[in-house]
Amino acid sequence: MADSYTTLWTNDLCRELERSGEEGLRLTILFGGPYGSQPSFLRAGVRPGDTIYPVRAHRTRLHVLGAMEVSRIVTHEEAGTELHDDDYAKLMYWRRLKTGFVSEVLLGPPGSPLSFDTVVPGDVLERLTFTSRRGERALRFVEDGRLTRSNGLQGVYRLAPASAAELRRLVAERFAGRRCELADTRSGPLVGGEEPRVTI
């Protein structure tokens, strides 16, 4: 059975992605490493078929930025020779996501569009739960539906199934809303089911 994980993106990284116009693009690659600045997905147990939810802690709120299903994991050293030209181009394009020493590259089909304004509601935040071999734990430092510190999110953590379903619903609702916004600006339906870049 596939699992779902969160990974915390810094506010500096999110601001850089917003400034460079990455909002609305669909994630196809993620990077992991051995240190806290670029935590390891492999060490957390991520495998092909799992889903990654990048999140952001900003002004006592938790934002879910999107989702990507992992189809392949290669080492960073192998990436130059193992990846096809299209995948290597993705690696170069998304190099802004390299926030530290990189040792692993996660690839996937286009995920949901990046969104920096999807806030996890307070009631969902209060019941957000992670699971590991030791058992389940609720997200720490949550008071009255507000996130007071991000310590409990720093790393790569496996979501409990119910919490994974709630983040999946939030991302799906935001994705559906953006499809409607995009369709309203066009004279006809989306062609062939292809998802173009979504802009705000």
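Structure first, text after, so check above.
Throughout what follows, the structure given in this document is the object of discussion. (Residues numbered from 1 in each chain as written. Predicted model: local features only at pLDDT ≥ 70, side-chain atom pairs only at ≥ 80, totals over all residues. Heavy atoms only, no water.)

1. Examining unusual backbone geometry
Notably, R59 is not glycine yet its phi reads approximately 55°, a positive angle. Secondary-structure assignment places R59 in the loop between β3 (51-58) and β4 (61-64). (Helix = DSSP H or I, 4+ residues; strand = E, 2+ residues; numbered from the N terminus.)

2. Quick notes on empty space enclosed by the protein
Counted by the stated rule, this structure contains one cavity of 30 Å³ or more. By volume, the largest cavity amounts to about 70 Å³. Lining the largest cavity are 11 residues, with S112, P113, S115, V171 and R174 positioned closest to its centre. Examining the composition of the lining of the largest cavity, we find that four residues originate from one element, helix α6 (residues 161-184), more than from any other. (1 Å grid on protein atoms, 1.4 Å probe; cavity = no way out; pocket = protein on both sides within 12 Å on 5 of 7 lines; lining within 4 Å. Points joined across faces, edges and corners; volume = space filled by probe spheres on them.)

3. Points about the sheet that holds strand β2 (residues 29-32)
The strand order across the open sheet formed by three strands is β2-β7-β6, and the pairing between neighbours is antiparallel. Here the strands that pair on one side only, and so sit at the sheet edges, are β2 and β6 (72-75). Each adjacent strand pair in this sheet contributes to an overall mean axis angle of 20°, direction not counted. Sheet analysis places β2 next to strand β7 (residues 104-107), joined by four bridges and oriented antiparallel. Paired with L30 across the two strands is L106, which belongs to β7. (Pairing = 2+ DSSP bridges. Axes fitted to C-alpha atoms, helices over the stretch in contact; angles between N-to-C directions.)

4. Structural notes on the side chain of Q38
If you trace the backbone, Q38 turns up in the loop between β2 and α2 (41-44). With residues near it in sequence (within four places) discarded, Q38 still touches F31, G32, G33, L97, K98, T99, G100, F101 and V102. (Contact = heavy atoms within 4.5 Å.)

5. Some points on the packing of aromatic side chains
One pass over the structure, following the stated rule, counts three aromatic pairs. Residue placement shows R137 over the ring face of Y157; its charged tip is 4.8 Å from the ring centre. Against the face of F141 rests R149, its NZ or CZ located 4.6 Å from the ring centre. (Phe/Tyr/Trp six-rings, centres within 6.5 Å; stacked < 30°, edge-to-face > 60°. Lys NZ or Arg CZ within 6 Å of the ring centre and 35° of its normal.)

6. With respect to the pattern of salt bridges
Applying the stated criterion to the full structure yields 11 salt bridges. We note a salt bridge from D87 to K90, for which the minimum N-O separation is 3.4 Å. Here D87 pairs with K90, and both are found in helix α4 (residues 85-93), just three residues apart, close to one helical turn. For D87, a relative accessible area of 16% puts it in the buried group. For K90, a relative accessible area of 26% puts it in the partly exposed group. (Salt bridge = Lys/Arg side-chain N within 4 Å of Asp/Glu carboxyl O. Buried < 20%, exposed > 50% of the residue type's maximum accessible area, 1.4 Å probe, protein only.)

7. A short note on the layout of surface pockets
Within this model, the largest pocket holds a volume of roughly 600 Å³. Around the largest pocket sit 21 residues that line it, and R43, A44, S132, V156 and Y157 are the ones nearest its centre. Among the elements of the structure, α2, β8 (129-132), β9 (135-138) and β12 (156-158) are those that each provide at least two residues to the lining of the largest pocket. Residue classes in the lining of the largest pocket are distributed as nine nonpolar, six polar and six charged. (Nonpolar A, V, L, I, M, F, W, Y, C, P; charged D, E, K, R; others polar.)

8. So, the pairing of β9
Pairing of β8 with β9 involves four bridges; the strand directions are antiparallel. Each bridged residue has a counterpart across the sheet, and for T129 the counterpart in β9 is A138. Linking β8 to β9, which pair antiparallel, is a turn of two residues.

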